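This is what each chain is made of:
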Amino acid sequence: MGEDSGIVLPIMAEVTPTQSKEEGHIIATGMLKNIAREAVQNVAALIKKSTGKDISGMDVHIQFVGTYEGVEGDSASISIATAVLSAIQVYRWTRVLR
């Protein structure tokens, strides 16, 4: 491993009913730097397009766990997308089962 290599970081995602009356938000935490923040926004756009569903009534929380030195880069995009799509499915199922 060279100095340009990364490490594996856990990513957690949760979907909740929106706190706002206007629209849902994408909330990413964990000391994200510019490129990583852009990756989150790109994934958010992809999810809105690929699901074909209105997710404006949801807040999507994405947390990069253990990012004490910050996260930079877009290599986690597929992991972010997988975590968020999974959280959306769980959210929808829990609402259906109620």
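For the structure itself, look to the data block above.
Calculation rules
Residues numbered from 1 in each chain as written. Predicted model: local features only at pLDDT ≥ 70, side-chain atom pairs only at ≥ 80, totals over all residues. Heavy atoms only, no water. Helix = DSSP H or I, 4+ residues; strand = E, 2+ residues; numbered from the N terminus. Expected span 1.5 Å × (residues − 1). Buried < 20%, exposed > 50% of the residue type's maximum accessible area, 1.4 Å probe, protein only. Arc of directions from axis to C-beta. Contact = heavy atoms within 4.5 Å.

Thoughts on helix 2 (residues 77-97)
- Its 21 residues place the ends of helix 2 30 Å apart at the C-alpha level, agreeing with the 30 Å of an ideal helix rising 1.5 Å per residue.
- Taken as a whole, helix 2 has its buried residues at Ile80, Ala81, Ala83, Val84, Ala87, Ile88 and Tyr91. Buried residues of helix 2, viewed axially, fall in a sector of 165°; they line one side. Helix 2 presents Ile78, Val90, Trp93, Val96 and Leu97 as exposed residues on the side facing more than 90 degrees away from its buried surface.
- Each element contacted by the buried residues of helix 2 is listed here: strand 1 (11-17), helix 1 (34-51) and strand 3 (58-64).

A few points about helix 1
- With 18 residues, helix 1 ought to run about 26 Å at 1.5 Å a step, and its terminal C-alpha atoms sit 26 Å apart, in line with that.
- Taken together, the buried residues of helix 1 touch strand 2 (26-29), strand 3 and helix 2.
- Count one or two residues on from helix 1 and you reach Gly52, which has phi positive near 65°.

Function cannot be read off these values alone, since they describe shape.
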